[in-house]
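A look at the structure
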Amino acid sequence: MWWFYRKGPSGFSGASTAEEVTAGVDGRGLVAVITGATSGIGLETARVLALRGVHVVMPARNVAAGLAVKETIVASIPGARIDVLEMDLSSMASVRRFASEFESLNLPLNILINNAGIMTRNCTCSCDGLELHFATNHIAFVLNAGHFLLTNLLLESMKKTCRDSGTEGRIINVTSAGHTMTYPEGICFDKIHDPSGLNDFIGYGQSKLANILHSNELSRIFKEGGVNISANAVHPGVIATNLFRGRTIVAAFLNSIGRIICRSVQQGAATTCYVAMHPQVKGISGKYFANCNIAIPSLQAMDVELAKKLWQFSLQTVSS
């Protein structure tokens, strides 16, 4: 496991924790929206950003669970600023309601962390008629037609914050090395509305590839428009979290050998927190990070034309 502890150019490694990579970073005055923050690495990301002074807004499908997390964080970090708003990423209507409620808070927005994700046993459709992995992990997730839509709806707030404050905005899409487990063509667009026969691992991998492509296309658009917002994708590593709650065998396997191949939640949240807050990442956009360092994704993930095609498909999906 020597590679896990080997530090990269950033000075950090896969063994670094979220607190370690943000040590000395002052987040006071910043506001972050973090999806999937009620458990796992999302919760740890929210806790560490709050620890560094960031005002955290947590969208939660289960508001009661979100409020319980808020109480836990505030109990350990007196003065932590956390808001909980209802949102179900698999429903575009719910994502739109969240964006409207966030706007009513009159808050700036500096950081958007699209962290929530699912891995189902069978590929099914969301309430909007989209393959559930794709709907939750990408669409409802920004512009990915959940995270894709969310990102698009919050972009004007981020742009205004950048103009008013002069501070770079940062969008982080949490992806996975699993983005390599997909179709030869990358994304099978004709299966998004009809997932019958779609393998669940392929469905998951396709959605994670979409996360990276979305980041890359966002970055290209921002650079061409002179917008001071970066967009990057991060791989947190293998962590035994609630992501695998629907896959008993996988969960049991990870639990049995977790000490050998899995990293802790504190380590898993490190790359997200590093890319969201560290000064070293300022001005870096359109990259894929792993172990708190820039890494190389699959060739499909770097396909500019595929990223553009996905962008247009996602726009049409959230507009229909």
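The chain is annotated in an unreviewed UniProt entry as Short-chain dehydrogenase TIC 32, chloroplastic of Urochloa decumbens.

1. Focus: the overall build of the chain
For the chain, the helix and strand inventory stands at 12 helices and nine strands. In the chain, which comprises 320 residues, the share counted as buried stands at 57%. Across the chain, contacts joining residues at least 24 apart in sequence account for 73% of those joining residues at least 6 apart. By element, 54% of the accessible surface of the chain is carried by carbon and sulfur atoms, the whole surface being about 13400 Å².

2. Quick notes on the side chain of Glu-168
The residue Glu-168 is located in the loop between α7 (147-165) and β6 (169-174) in this model. For Glu-168, a relative accessible area of 13% puts it in the buried group. At 2.8 Å, the side chain of Glu-168 forms a polar contact with the backbone nitrogen of Gly-283. Beyond its immediate sequence surroundings of up to four residues, Glu-168 is in contact with Asn-110, Cys-162, Asn-228, Ser-230, Val-281, Lys-282, Gly-283 and Ile-284.

3. Comments concerning the packing of aromatic side chains
If you walk through the whole model with that rule in mind, you get four aromatic pairs. On the basis of an interplanar angle of 70° and a centroid distance of 5.8 Å, the ring pair of Phe-12 and Tyr-274 is categorised as edge-to-face. Taken as a pair, Phe-12 in the loop between α1 (2-5) and α2 (18-21) and Tyr-274 in helix α11 (residues 270-277) lie far apart in primary sequence, 262 residues in all. With a relative accessible area of 15%, Phe-12 lands in the buried category. Judged by its relative accessible area of 4%, Tyr-274 is buried. Members of the aromatic cluster, each reached through a chain of ring pairs, are Phe-12, Tyr-274 and Phe-289.

4. What to know about a nonpolar patch on the surface
The grouping of Ile-296, Leu-299 and Met-302 at the surface amounts to a nonpolar patch, some 380 Å² of accessible area in total. When you line up the elements, Ile-296 lands in the loop between β9 (293-295) and α12 (304-319).

5. With respect to the state of the cysteines
Under the defined criterion, the tally for this structure stands at zero disulfides. Looking at the unpaired Cys-273, the closest cysteine sulfur is the one in Cys-292, lying at 8.8 Å. Of the residues examined, Cys-273 reaches a relative accessible area of 0% and is grouped as buried. Take Cys-292: its relative accessible area is 0%, and that puts it in the buried class.

6. Some thoughts on the packing of helix α5 (residues 92-104) against α7
Describing two packed helices takes the angle between their axes plus the distance from one axis to the other. Closest axis-to-axis distance for the α5/α7 pair is 9 Å, and the angle between their directions is 20°. Taken together, the axes of α5 and α7 are roughly parallel relative to one another. Of the two elements, α5 crosses α7, and the hand of that crossing is right-handed. Only Leu-149, Leu-150, Leu-153, Leu-154 and Ser-157 of α7 make contact with α5, whose side of the interface consists of Met-92, Val-95, Arg-96, Phe-98, Ala-99 and Phe-102. Residue composition of the contact of α5 with α7, by class: nine nonpolar, one polar and one charged.

7. Side note on the sheet that holds strand β2 (residues 55-60)
As a general point, the strands of a sheet are linked pairwise by backbone hydrogen bonds and lie either parallel or antiparallel. Strand order in this open sheet of eight strands is β3-β2-β1-β4-β6-β7-β8-β9, and the pairing throughout is mixed. Strands at the two margins of the open sheet, each flanked by one partner only, are β3 (82-86) and β9. Going across the sheet, the axis of each strand differs from the next one's by a mean of 25°, ignoring polarity. For β6 and strand β7 (residues 229-235), the ladder comprises six bridges, and the chain directions are parallel.

Parameters and conventions
- Residues numbered from 1 in each chain as written.
- Predicted model: local features only at pLDDT ≥ 70, side-chain atom pairs only at ≥ 80, totals over all residues.
- Heavy atoms only, no water.
- Helix = DSSP H or I, 4+ residues; strand = E, 2+ residues; numbered from the N terminus.
- Buried < 20%, exposed > 50% of the residue type's maximum accessible area, 1.4 Å probe, protein only.
- Contact = heavy atoms within 4.5 Å.
- Areas by Shrake-Rupley, 256 points an atom, 1.4 Å probe, with all protein chains shown as cover.
- Polar contact = N/O pair within 3.5 Å; in protein donor to acceptor, adjacent residues only side chain to side chain.
- Phe/Tyr/Trp six-rings, centres within 6.5 Å; stacked < 30°, edge-to-face > 60°.
- Patch = residues over 30% accessible without salt bridge, like charges linked within 9 Å, V, L, I, M, F, W, Y side chains within 5 Å.
- Salt bridge = Lys/Arg side-chain N within 4 Å of Asp/Glu carboxyl O.
- Disulfide = S-S within 2.5 Å.
- Axes fitted to C-alpha atoms, helices over the stretch in contact; angles between N-to-C directions.
- Parallel < 35°, antiparallel > 145°, perpendicular 65-115°, else oblique.
- Left-handed = near helix turned anticlockwise from the far one by under 90°.
- Nonpolar A, V, L, I, M, F, W, Y, C, P; charged D, E, K, R; others polar.
- Pairing = 2+ DSSP bridges.

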